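As a plain string of letters, each chain reads:
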Amino acid sequence: MSNGRLGARGNRYRTGYLRSRVWFARRDRWFAEQLRRTGGKLSCAACERPARPRALELHHTDYSGVTYLDGRWFAGEQHEDLVSLHPYCHELLHRLIDRDIVLRSHRDRRAASTAAITRLQRRLAKGTSTP
C-alpha cells in the first residue's frame, strides 16, 4: 500500500470525486461543522495561520468514507477524516509523503498524514518549507 499520490490520468478519485457536486457539498458541510466546533475560527493545520474556507483545501487522512457505486459518488467521510490546509501547505504535505519512504509506505494513512503535518509545522515555524 502507498500513501503517495497517484497521477490524475485514470484516477477516478481525483478526476471524478474531487470535481463532483457531492465533494463540494461535503466540503461545505465540513467547514460549517468546523466553524461550529471552533467558535467561528478556521486555520491551516500545517502553518496554523487563520484562513477563510475558500482559502483552504481539505486533505483526506482516510478514504474509507469515499464510495463509488453504480456510477455515483458518495461522501461518507467522518469529520476527522479531513484536515484543512492552505493549497501551498497541502502541496508540501503531499511532497513530503511522496518523498519519504516511511510515510509513503506507512500502513495507516492517518498516522502518516499526522506525522507529516507535525514535520511541516516544525519546518514552517523555522521558516524552511522544503519537504
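Residues numbered from 1 in each chain as written. Predicted model: local features only at pLDDT ≥ 70, side-chain atom pairs only at ≥ 80, totals over all residues. Heavy atoms only, no water.

Inspection of the secondary structure assignment puts Ser113 in helix 5 (residues 109-126). A relative accessible area of 1% places Ser113 in the buried class. When near neighbours in sequence (up to four residues on either side) are disregarded, Ser113 contacts His59, His60, Thr61, Leu93 and Ile97. (Helix = DSSP H or I, 4+ residues; strand = E, 2+ residues; numbered from the N terminus. Buried < 20%, exposed > 50% of the residue type's maximum accessible area, 1.4 Å probe, protein only. Contact = heavy atoms within 4.5 Å.)

At their nearest, the axes of helix 3 (residues 87-99) and helix 5 sit 9 Å apart, and the two run at 115° to each other. The handedness of the crossing between helix 3 and helix 5 is right-handed. On the side of helix 3, the interface is formed by Cys89, Leu92, Leu93, His94, Leu96 and Ile97, while helix 5 contributes Arg109, Ser113, Ala116, Ile117, Arg119, Leu120, Arg123 and Leu124. Residues of the contact of helix 3 with helix 5, tallied by class, amount to nine nonpolar, two polar and three charged. (Axes fitted to C-alpha atoms, helices over the stretch in contact; angles between N-to-C directions. Left-handed = near helix turned anticlockwise from the far one by under 90°. Nonpolar A, V, L, I, M, F, W, Y, C, P; charged D, E, K, R; others polar.)

Attention now moves to the packing of aromatic side chains. Considering all chains together, one arrives at six aromatic pairs under this definition. Ring centres of Tyr13 and Tyr17 lie 5.9 Å apart, and the angle between their planes is 25°; this geometry places the pair in the stacked category. Ring centres of Tyr68 and Trp73 lie 4.6 Å apart, and the angle between their planes is 50°; on these two criteria the pair is classed as tilted. Given a relative accessible area of 34%, Tyr68 falls into the partly exposed group. Through a chain of ring-to-ring contacts, three or more aromatic side chains come together here, namely Tyr13, Tyr17, Trp23, Tyr63, Tyr68 and Trp73. (Phe/Tyr/Trp six-rings, centres within 6.5 Å; stacked < 30°, edge-to-face > 60°.)

For the coordinates displayed, the defined rule picks out nine salt bridges. In this structure, Arg110 and Asp81 form a salt bridge, with 2.6 Å as the shortest nitrogen-oxygen distance. Of this pair, Arg110 sits in helix 5 while Asp81 sits in the loop between strand 3 (72-75) and strand 4 (82-85); the two residues are 29 residues apart in sequence, bridging distant segments of the chain. On the accessibility criterion, Arg110 (30% relative accessible area) is partly exposed. For Asp81, a relative accessible area of 4% puts it in the buried group. Ionic pairing is found between Glu91 and Arg95, a salt bridge with its closest N-O pair at 3.2 Å. (Salt bridge = Lys/Arg side-chain N within 4 Å of Asp/Glu carboxyl O.)

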